[in-house]
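Report on the structure
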Amino acid sequence: MFDKVLIANRGEIALRIQRACREMGIATVAIHSTADENAMHVRLADESVCIGPPPASLSYLNIPAIITACEITGADAVHPGYGFLSENDSFADILLEHKITFIGPEPEHIRIMGDKIQAKRTAIDLGIPVVPGSEGGVEDPVEALRIAKDIGFPVLIKAASGGGGRGMKVARDESELAEALSTASTEAKSAFGDGTVYLEKYLDKPRHIEIQVLSDGNGNAVHLGERDCSLQRRHQKVWEEAFSPALNAVQREEIGSIVANAIAEMGYSGVGTVEFLYENGEFYFIEMNTRLQVEHPVTEAITGLDLVQEQIRVASGARLTQKQSDITFEGHAIECRINAENARTFVPSPGRITALHPPGGLGVRVDSAIYQGYSIPPYYDSLIGKLIVYGKNRTECLMRLRRTLGEYVIEGVDTTIPLFQDLVGHPDILNGDYDIHWLENYLAAH
Ligand code: ADP
C-alpha cells in the first residue's frame, strides 16, 4: 500500500480523496494555486505545495510542477480526481517514468477511450451496443450525406476528441448537413486541437444511463449498477440518481454483465464508467470515462462501497475482493450538483460565502469544500458542493431531498439550490418521467 498520496486536484473532490486516504492510514499531499492558499483541501492535508499562479494551465495542469511536488514530498502515488489531468494519458506516462503510481487505469486505456472513434470501435469489438453512425472520422460532405441517409436524419456531428458536451452539432436534414459538418470541425479544432468529427444517429428522446465498473486489471471486474444522469443542461449533468426510474432488475443485470465482462476482457484496471443513451428499451454506448466521476457518491449510497478506497487498493496492486454476487443494491439515492451560479441565468457567481448552514440528518451527505468566510475564486469550475440524499425507496429519497433543500443555507453568492427546489416538486420528476432534453425544455418554458 502507498505511504503518501499526492492529490492533483482541488475543491470537494480533493477533500473526498483525502478522507479516503486518511481512513486507510495514508498520508496526503495537497497541491494548490496561489488563488487557493486558503482552500479547505489545503488546510486539511498533511502537507501542501503551491504549484503556480491561478490559471489552471499554470497550476493544476502544470505537469512539471506536479512531478516536482511529488519529488519534494516523497509521494509514491498521485490521485488525479476528475477533470484537470485525470484523463491525460501523457501525465500517466510521465508518472510511470518517475516510478510514481498513477491512481487510474493504464495510459493505453485512457488513450483508447479518449479518442471517441477508437472507443466506439473498441466497444463494438467487446460486444457493447453502440449508436449507429460513421465507422470513423468524416471530412467529405458527400460521404457524410451518404452515411446520414443510411442511418437516417436527424444526425449528430461529434468531435473525436470531444468532452464536456462541447463540439456537437445536430443536422436535422440534408440542407443543414454540410454547414454543421464544417462548424463542428472548426469548433473541435479550436477547442481540442483536433478537427476530426464523426456522425451518429441523433436519438430523439433518450435517457442518459451509465454503468459504474470496478476492475483489477487481472480479469476480475464487477459492475455497480447504473446512474441515470438524464437531467442535463448543455449536455452537462445536473442531477443524478440510482436506480434509473426506467430500468428494472433484469435489465440492470443484463447491461451490467455485458459491461463487466467487456471491462474484464480489456484488462482495465480501476474505476470507470461506461455511458449509454437508452431509448425504447435499447442501450447505445456513447463513451467511457476512465476515472472517478462527480456522481460516484450515488453509487456508494446504494452499494455501501467506498469507490475511492477501492480505486486506491486496486492501483496498489491488490486484487478485487468482491465477486458480482457480493454486490448488493439497496434503496435509492439522488445527487444535486450545487453550483455558484444564478439558478435562472446560470451566470457564475464567485465571491465570499457570508453564511453557511448545510443540511444534515439521516441519509444526507454533503460533499463540499466551502466554509463560512471562504471566497470562491473566479478561475475554476463553479461546482461548490454536492448534496447526496439516500432513502429506502425513491419516494422517501425525494421527500428527504425536498426537506434538505429547504434547510440548505449558502449566503453571499448565488447558487443553483432554487432550481432543485423547483425540480423536486415537479410531477415529471416525481414520476421519473424525463429524458435528456427535459431540463432544457423546462428551462425554456419557465
Ligand atoms: P461529452 O464527452 O462531450 O460529454 P458524450 O458523448 O458523453 O459527450 O455526450 C454528452 C451528452 O450529449 C449525452 O449525455 C447526451 O445528452 C448528448 N448526446 C450524445 N450523443 C447523442 C446522440 N447520438 N443523440 C442524442 N444526444 C446525444
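Our subject is the structure that appears above.
What this report covers is the structure whose coordinates are included nearby. (Residues numbered from 1 in each chain as written. Predicted model: local features only at pLDDT ≥ 70, side-chain atom pairs only at ≥ 80, totals over all residues. Heavy atoms only, no water.)

Of regular secondary structure, the chain possesses 15 helices and 20 strands. Radius of gyration (C-alpha) of the chain: 21 Å, near the 22 Å computed for a compact globule of 446 residues. Based on the C-alpha atoms only, the size of the chain along its principal axes is roughly 60 × 50 × 45 Å. Among the 446 residues that make up the chain, the fraction classed as buried is 57%. (Helix = DSSP H or I, 4+ residues; strand = E, 2+ residues; numbered from the N terminus. Rg over C-alpha atoms; globule rule 2.2 N^0.38 Å. Buried < 20%, exposed > 50% of the residue type's maximum accessible area, 1.4 Å probe, protein only.)

Turning our attention to the sheet that holds strand S1 (residues 4-7). Pairing is parallel across the open sheet formed by five strands, whose spatial order is S3-S2-S1-S4-S5. What marks the edges here is a single partner per strand, and that holds for strand S3 (47-52) and strand S5 (101-102). As defined by bridge partners, S1 adjoins strand S4 (residues 77-79) across three bridges and the pair is classed as parallel. When the sheet's bridge partners are listed, Ile7 is paired in S4 with His79. (Pairing = 2+ DSSP bridges.)

Before going further, it helps to examine the environment of Ile334. The topology assignment puts Ile334 in strand S14 (residues 332-339). Ile334 sits 64 residues away from Leu398 along the chain, and the two C-alpha atoms are 8.0 Å apart. Residue contacts for Ile334: discarding those within four places in its chain leaves Trp239, Glu240, Glu241, Val298, Leu387, Ile388, Val389, Cys397, Leu398 and Leu401. (Contact = heavy atoms within 4.5 Å.)

Moving on, we come to the site of the ligand. Around the ligand lies a shell of 21 residues, among which Lys116, Gly165, Lys201, Gln232 and Glu287 are the nearest. In this structure, Lys158 approaches the ligand through a side-chain N or O atom, which is 2.9 Å from a nitrogen atom. The fraction of the free accessible surface of the ligand (560 Å²) that becomes covered by protein chains is 96%. Residue assignment for the shell around the ligand shows that the elements contributing at least two residues are strand S6 (155-159), strand S8 (197-201), strand S12 (269-279) and strand S13 (282-289). Looking at the shell around the ligand residue by residue, the classes come out as eight nonpolar, six polar and seven charged. Domain assignment of the residues forming the shell around the ligand places at least three in each of domain 2 (132-201) and domain 3 (207-445). (Near = heavy atom within 4 Å. Polar contact = N/O pair within 3.5 Å; in protein donor to acceptor, adjacent residues only side chain to side chain. Areas by Shrake-Rupley, 256 points an atom, 1.4 Å probe, with all protein chains shown as cover. Nonpolar A, V, L, I, M, F, W, Y, C, P; charged D, E, K, R; others polar. Domains from an automatic or database assignment.)

With 18 residues, helix H9 (residues 249-266) should reach 26 Å at 1.5 Å per residue; the first-to-last C-alpha distance of 25 Å fits that figure. When H9 is considered as a whole, its buried residues turn out to be Arg252, Ile255, Gly256, Val259, Ala260, Ala262, Ile263, Ala264 and Met266. Tucked inside the fold, the buried residues of H9 contact helix H5 (107-114), strand S9 (207-216), strand S10 (221-233), S12 and S13. Where H9 begins, the side chain of Asn248 points an oxygen toward the backbone nitrogen of Val250, at a separation of 3.1 Å. Phi turns positive one or two residues past the end of H9, at Gly267, with a value near 80 degrees. (Expected span 1.5 Å × (residues − 1).)

Below, the discussion takes up the nonpolar core. The biggest cluster of nonpolar side chains holds 36 residues, and the ones touching the most others in it are Trp239, Ile338, Leu401, Ile410 and Leu423. Those elements that provide at least two residues to this core are strand S11 (236-242), S14, strand S19 (383-391), helix H12 (394-407), helix H13 (417-423) and helix H15 (438-445). Setting aside chain neighbours within four positions, we find Ile338 in contact with Ser382, Leu383, Ile384, Gly385, Leu387, Tyr408, Ile410, Thr415, Thr416, Ile417 and Phe420. Counting residues in hydrophobic clusters, the runner-up holds 27 residues, among them Ala14, Val222, Leu305 and Leu383. (Core = buried A, V, L, I, M, F, W, Y, C linked by side-chain atoms within 4.5 Å.)

Our focus in this paragraph is helix H1 (residues 11-23). When the terminal C-alpha atoms of H1 are compared, their 19 Å separation across 13 residues agrees well with the 18 Å that a helix rising 1.5 Å per residue should span. Taken together, the buried positions of H1 are occupied by Gly11, Glu12, Ile13, Ala14, Leu15, Arg16, Ile17, Gln18, Ala20 and Cys21. Phi for Gly25, located one or two positions after H1, is positive at around 75 degrees.

This model, assessed by the stated rule, comprises 32 salt bridges. For Glu200, the salt bridge identified is with Lys158, shortest N-O distance 3.0 Å. Placement of Glu200 in strand S8 and of Lys158 in strand S6 is noted, with a sequence separation of 42 residues between them. The class of Glu200 is buried, set by a relative accessible area of 1%. (Salt bridge = Lys/Arg side-chain N within 4 Å of Asp/Glu carboxyl O.)

Once that is clear, we can look at the state of the cysteines. Simply put, the disulfide is a covalent bond whose two ends are the sulfur atoms of two cysteines. Applying the stated criterion across every chain, the model contains zero disulfides. In this model Cys336 remains outside any disulfide bridge; the closest cysteine sulfur is found in Cys397, 9.0 Å from its own. (Disulfide = S-S within 2.5 Å.)

Moving on, we get to the packing of H1 against helix H11 (residues 307-315). Contact geometry for H1 and H11: axes closest at 9 Å, N-to-C directions at 65 degrees. Note that H1 runs across H11; the crossing there is right-handed. Counting all contacts with H1, which are made through Arg16, Ile17, Ala20, Cys21 and Glu23, the residues of H11 involved are Leu307, Val308, Gln309 and Ile312. (Axes fitted to C-alpha atoms, helices over the stretch in contact; angles between N-to-C directions. Left-handed = near helix turned anticlockwise from the far one by under 90°.)

Quick look at the side chain of His208 now. Its location among the elements puts His208 in strand S9. One polar contact links His208 to Glu210, side chain to side chain, over a distance of 3.0 Å.

With that settled, consider the packing of aromatic side chains. This structure, assessed with the given rule, holds ten aromatic pairs. Look at Tyr278 and Phe283: their rings are 4.7 Å apart centre to centre, the planes differ by 50 degrees, and that puts the pair in the tilted class. Across the pair, Phe283 and Tyr278 agree in class, each one buried. By way of ring pairs, the aromatic residues Tyr60, Phe84, Tyr379 and Tyr380 are connected into one cluster. Above the ring of Tyr434, the side-chain terminus of Arg207 is found at 4.5 Å from the ring centroid. Seen from the ring of Phe243, Arg252 lies directly overhead, with NZ or CZ sitting 3.7 Å from the centre. (Phe/Tyr/Trp six-rings, centres within 6.5 Å; stacked < 30°, edge-to-face > 60°. Lys NZ or Arg CZ within 6 Å of the ring centre and 35° of its normal.)

Shape is all these values report; function is a separate question.
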